[in-house]
Amino acid sequence: MANELLSLIIPVYYEEEVLMESYRRMDAAMQSTGHPYEIIYVNDGSRDGTMKLLRQLAKEHPDTVRVYSFSRNFGHQLAVTCGMDHAKGDALIIIDVDLQDPPELIPKMVEMWKEGADVVYGKRLKRKGETIFKKLTAKLYYRLLSSMSAYPIPLDTGDFRLLDRKVADVFLKMREQARFLRGMSAWMGFEAVPLEYVRDERAAGKTKYTLKKMLKLACDGIFNFSSKPLELPFAIGVLLGVLGTLGVIAMIVLTAIYGAKCPQWLWAVAGGVLLHAVTFCCMGVHGMYLGRMYDELKDRPLYIVAETLNAGDN
Ligand code: UDP
Ligand code: MG
């Protein structure tokens, strides 16, 4: 039996319908890896029978099941963060409880990790049983995000992934409030390898990601990983400046060379466009300072060393 410890982290929110079936499949998958393991459930403020079932699981499997229960709903991303904070494993695996990400892929992820990957992320080839609206918005969103982000965030990936301990340790240093784990994982770099899979339907129950929660996550993804929205007014200002200047030049040429008489209001419009250009540029400059302040506030590590050779400073 291999001796590296694996930690499986499972956020849970109103999932009494799926929890026991989910446990059976997760536990079987963990056993088949041949590694010692712990399963960490984080109850994200469920008020149904979820906690009762988790108590029962913890009692029946004191060596493998650990439970953390939030005082209220803090959201999926923070539930996963809590699990990571308390995981003791050499590799951490994050998975949803609803069996949309098949636990049977875990042994394969572990194998890829042992072959040298620091991060193994699930890449969705297809999504079964989700509405056209969700599939379409997800597809568009991932593309918009990757075009705006300064770091390549892989398309069509969720939080189903395995992280090596050294990656998880860097994660734990990033204490920003608004968290977008898959973006943070991409930001950190390391040797990240995709594992392609077909995303199943939910085994039971309904999605807990309401439209509001999805929008918040989508905004966190864009605003945490791109300062472009803040810099946009500057680009608009420059564009207006160029247009206004070209307009004024055209009117001067028409008046001076061809003796045309441009109406007063046209001069007023050109003046207005140039004034707006100045305003937008000023807003853009503010945005650039704000973006930099935001980066400082996040207080992320300045750099991440993945490996050292003969460094002599342990
Ligand atoms: N979840 C959570 N807190 C929330 C919403 C969801 O911990 O506020 C958990 C949920 O129990 C599940 C995972 O996050 O394990 C993903 O949620 P869900 O399956 O509802 O999202 P979807 O797959 O529909 O995007
Ligand atoms: Mg789901």
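Heads up: the structure comes first, above all this text.
In this report, we go over the structure that sits alongside the text. (Residues numbered from 1 in each chain as written. Chains lettered and ligands numbered in written order. Predicted model: local features only at pLDDT ≥ 70, side-chain atom pairs only at ≥ 80, totals over all residues. Heavy atoms only, no water.)

What to know about the overall build of the protein chain
Counting its regular elements, the protein chain contains 10 helices and 7 strands. Counting only C-alpha atoms and orienting by the principal axes, one finds that the protein chain spans roughly 95 × 55 × 35 Å. Counting across all 314 residues of the protein chain, residues that qualify as buried make up 44%. Considering only residue pairs separated by 6 or more positions, the protein chain has 82% of its internal contacts joining residues 24 or more positions apart. (Helix = DSSP H or I, 4+ residues; strand = E, 2+ residues; numbered from the N terminus. Buried < 20%, exposed > 50% of the residue type's maximum accessible area, 1.4 Å probe, protein only. Contact = heavy atoms within 4.5 Å.)

Considerations on the site of ligand 1
Of all residues adjacent to ligand 1, which total 19 residues, the nearest are Glu15, Asp44, Asp98, Thr207 and Lys208. The separation between an oxygen atom of ligand 1 and a polar main-chain atom of Val97 is 3.1 Å. When ligand 1 is considered free in solution it has 520 Å² of accessible area, and contact with the protein chains removes 96% of it. Residues belonging to the shell around ligand 1 are distributed by class as follows: 5 nonpolar, 5 polar and 9 charged. (Near = heavy atom within 4 Å. Polar contact = N/O pair within 3.5 Å; in protein donor to acceptor, adjacent residues only side chain to side chain. Areas by Shrake-Rupley, 256 points an atom, 1.4 Å probe, with all protein chains shown as cover. Nonpolar A, V, L, I, M, F, W, Y, C, P; charged D, E, K, R; others polar.)

A word on the sheet that holds strand β4 (residues 91-94)
Taking strand neighbours across the sheet as the criterion, the 7 strands line up as β3-β2-β1-β4-β6-β5-β7 in an open arrangement whose pairing is mixed. Looking along the sheet, the strands with just one partner apiece sit at the ends: β3 (65-69) and β7 (192-199). Shown here is a sheet whose adjacent strand axes are inclined to one another by a mean of 20°, direction ignored. With 7 bridges connecting them, strand β1 (residues 6-12) and strand β2 (residues 37-43) associate as parallel partners. (Pairing = 2+ DSSP bridges. Axes fitted to C-alpha atoms, helices over the stretch in contact; angles between N-to-C directions.)

Focus on the coordination of the magnesium ion (ligand 2)
Tetrahedral coordination by four donors places them ideally at 109.5 degrees to one another around the metal; octahedral coordination by six donors ideally gives 90 or 180 degrees. Within the first shell, the magnesium ion (ligand 2) binds the protein through Asp98 (OD) and Gln100 (OE1), at distances of 1.9 to 2.0 Å. Both residues of the pair, Asp98 and Gln100, belong to the buried class. (Donors = N, O, S within 2.8 Å, 3.2 Å for Na, K, Ca; no water.)

Things to note about the pairing of β2
Taking burial as the measure, the 7 residues of β2 include 7 buried ones, the bulk of the element. Residues Tyr37, Ile39, Tyr41 and Asn43 point to one face of β2 and Glu38, Ile40 and Val42 to the other, with burial holding for every one of them. One ladder, built from 5 bridges, connects β2 with β3; its direction is parallel. Note on β3: the bridge partner recorded for Asn43 is Ser69. Between the parallel pair β2 and β3, the chain is carried across by helix α2 (residues 50-60), and the sense of this crossover is right-handed. (Right-handed = clockwise from strand over helix to strand, strands pointing away.)

Overview of helix α10 (residues 264-298)
Helix length check: α10 (35 residues) gives 51 Å between terminal C-alpha atoms against 51 Å at 1.5 Å per residue, within 8%. Taken together, the buried positions of α10 are Ala270, Ala277, Cys281, Gly284, Gly287, Gly291 and Lys298. Buried-residue contacts for α10 involve α8 (211-225) and α9 (228-258). Two residues or fewer after α10 comes Asp299, characterised by a positive phi angle close to 55°. (Expected span 1.5 Å × (residues − 1).)

Considering the side chain of Thr64
Position of Thr64 relative to the elements: it lies in the loop between α2 and β3. Not counting residues within four places of it along the chain, the set of residues in contact with Thr64 comprises Tyr23, Tyr37, Glu38 and Ile39.

Observations concerning the nonpolar core
Counting 36 residues, the largest nonpolar core has Met84, Tyr141, Leu163, Phe171 and Met188 as the members making the most contacts within it. Mapped onto this core, the elements with two or more residues apiece are β2, α3 (76-86), β4, β5 (119-127), α5 (132-148), α6 (165-173), α7 (181-188) and α8. When neighbours within four sequence positions are excluded, Phe171 is seen to be in contact with Met84, Leu163, Arg179, Leu181, Met184, Ser185 and Met188. Judged by nonpolar contacts, the second largest core, of 35 residues, contains Leu53, Ala91, Ile93 and Val120. (Core = buried A, V, L, I, M, F, W, Y, C linked by side-chain atoms within 4.5 Å.)

Focus on the pattern of salt bridges
As enumerated under the stated definition, the model contains 19 salt bridges in all. Notably, a salt bridge pairs Lys208 with Glu15, separated by 3.4 Å at the nearest N-O pair. With Lys208 in the loop between β7 and α8 and Glu15 in the loop between β1 and α1 (19-32), this residue pair connects regions lying 193 residues apart in the sequence. Glu15 gets classed as buried once you look at its relative accessible area, which sits at 5%. Measuring nitrogen to oxygen at the nearest pair gives 3.6 Å for the salt bridge that ties Asp295 to Lys298. Of the two residues, Asp295 and Lys298 are both situated in helix α10; the distance of 3 residues between them amounts to about one turn of the helix. Beyond isolated ion pairs, a larger network of salt bridges with shared partners links Asp96, Asp101, Arg127, Glu130 and Arg199. (Salt bridge = Lys/Arg side-chain N within 4 Å of Asp/Glu carboxyl O.)

Quick look at the packing of α9 against α10
Contact geometry of α9 with α10 gives a least axis separation of 7 Å together with a crossing angle of 155°. Relative to α10, the element α9 lies roughly antiparallel. Crossing geometry of α9 relative to α10 is assigned as left-handed. For the contact of α9 with α10, the residue count by class is 21 nonpolar, 9 polar and 2 charged. (Parallel < 35°, antiparallel > 145°, perpendicular 65-115°, else oblique. Left-handed = near helix turned anticlockwise from the far one by under 90°.)

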